[in-house]
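Below, each chain spelled out in residue letters.
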Amino acid sequence: MEDRSVSMLRANVSSAPIAIFVAAVGDWAYKTLWGGGVVKAVFDIPVLQLIPILLVLTVVHEAVHALTWKALSAHHRETHVRFGINWRYLAPYAHPVGRLPAWINLAGGLAPALLLGIGPFVWATSNSEPLVAGIALLMVAGSAGDFMIAWQLIGVPMRTPVEDRPDRVGVIIHWDATHRATR
Ligand SMILES: [Zn+2]
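Criteria and thresholds
Residues numbered from 1 in each chain as written. Predicted model: local features only at pLDDT ≥ 70, side-chain atom pairs only at ≥ 80, totals over all residues. Pairing = 2+ DSSP bridges. Helix = DSSP H or I, 4+ residues; strand = E, 2+ residues; numbered from the N terminus. Contact = placed C-beta atoms within 7 Å. Axes fitted to C-alpha atoms, helices over the stretch in contact; angles between N-to-C directions. Buried ≥ 20, exposed ≤ 12 C-beta atoms within 10 Å, placed from the backbone. Expected span 1.5 Å × (residues − 1). Bend = angle between axes of the 7 residues up to and from the residue.

### A short note on the sheet that holds strand β6 (residues 171–173)
Strand pairing in a sheet is mediated by backbone hydrogen bonds. Such pairs are either parallel or antiparallel.
Next up, step 1: Read from one edge to the other, the open sheet built from 4 strands follows the order β1-β6-β5-β4, with strand pairing classed as antiparallel. The open sheet is flanked by β1 (2–3) and β4 (99–101), the only strands paired with a single partner.
Next up, step 2: Docked against the sheet, helix α4 (residues 102–126) engages β4, β5 (161–164) and β6, running at close to 90° with respect to β4.

### Observations concerning unusual backbone geometry
Across the chain, the bulk of peptide bonds are trans and the bulk of non-glycine residues have phi less than zero.
Next up, step 1: The residue Ser128 is not glycine, and still its phi comes out positive at about 55°.
Next up, step 2: As for its position among the elements, Ser128 is in the loop between α4 and α5 (130–141).
Next up, step 3: The phi angle at His179 is positive, at roughly 65°, despite the residue not being glycine.
Next up, step 4: Structurally, His179 is set in the segment after β6.
Next up, step 5: Given 12 C-beta atoms within 10 Å, His179 falls into the exposed group.

### Some remarks on helix α1 (residues 8–34)
Next up, step 1: Here α1 is 27 residues long and its end C-alpha atoms lie 38 Å apart, about the 39 Å a rise of 1.5 Å per residue gives.
Next up, step 2: Ser15 marks the point of greatest bend in α1, at about 25°, and the proline Pro17 comes within the next four residues.
Next up, step 3: Along α1, the residues that are buried comprise Val22, Gly26, Asp27 and Tyr30.
Next up, step 4: Looking at the buried positions of α1, the neighbouring elements they touch are α2 (38–43), α4 and α5.
Next up, step 5: Immediately beyond the C-terminal end of α1, within one or two residues, lies Gly35, with a positive phi of roughly 90°.

### Examining the pairing of strand β2 (residues 80–86)
Next up, step 1: Two strands pair when backbone bridges link them, and β2 and strand β3 (residues 91–97) are joined in this way by 7 bridges, in the antiparallel orientation. Looking across to β3, one finds that His80 is bridged to Val97.

### As for the environment of Ser14
Next up, step 1: As for its placement among the helices and strands, Ser14 is situated in helix α1.
Next up, step 2: Taking the C-beta count within 10 Å as the criterion, Ser14 has 15 such neighbours and is therefore assigned partly exposed.
Next up, step 3: In this structure, the C-alpha to C-alpha distance between Ser14 and Leu131, residues 117 residues apart in sequence, is 27 Å.

### A look at helix α6 (residues 144–152)
Next up, step 1: What α6 keeps buried is the set Ala144, Gly145, Asp146, Met148, Ile149 and Gln152.
Next up, step 2: Contacts from the buried residues of α6 go to α1, α4, α5 and β6.

This is the structure in structure tokens:
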């Protein structure tokens, strides 16, 4: 068993530069193609409109996690998905309870970044839609924590059982010292 998780505090501190990097690269890519900035397009929206949009998208983000984990783990009866809000960090979360093969943890972990972020960003950038591109970019940046967990799974064979930690950010890998999966 190997615990690769990090504390919520450490995850929050490390995800900030990832988020800023993602926003900067996306903004630069869009500007190079179309001339206008997408980050500016987002911050031109009145805050009172932007906040509800982001709240709804945050809930959708967690729902995409949950639905993907549920759909892919349908035959793992001992697994279920728990929803909640971490009040200390004001972060809503969806969390798979129980062990899952690494690939299911990874697919469900990255699904929101792909479906709500990278996919729409590519579409919006090809179609010159700065506002959609900007919001999509925020969704990619907001997936920084999910990228950190994906990073922890690098080098782990995709059938190895892993367990998502509810109290920290990351996974416990159920393998022995020789990296053989354990029950
Ligand atoms: Zn997420």
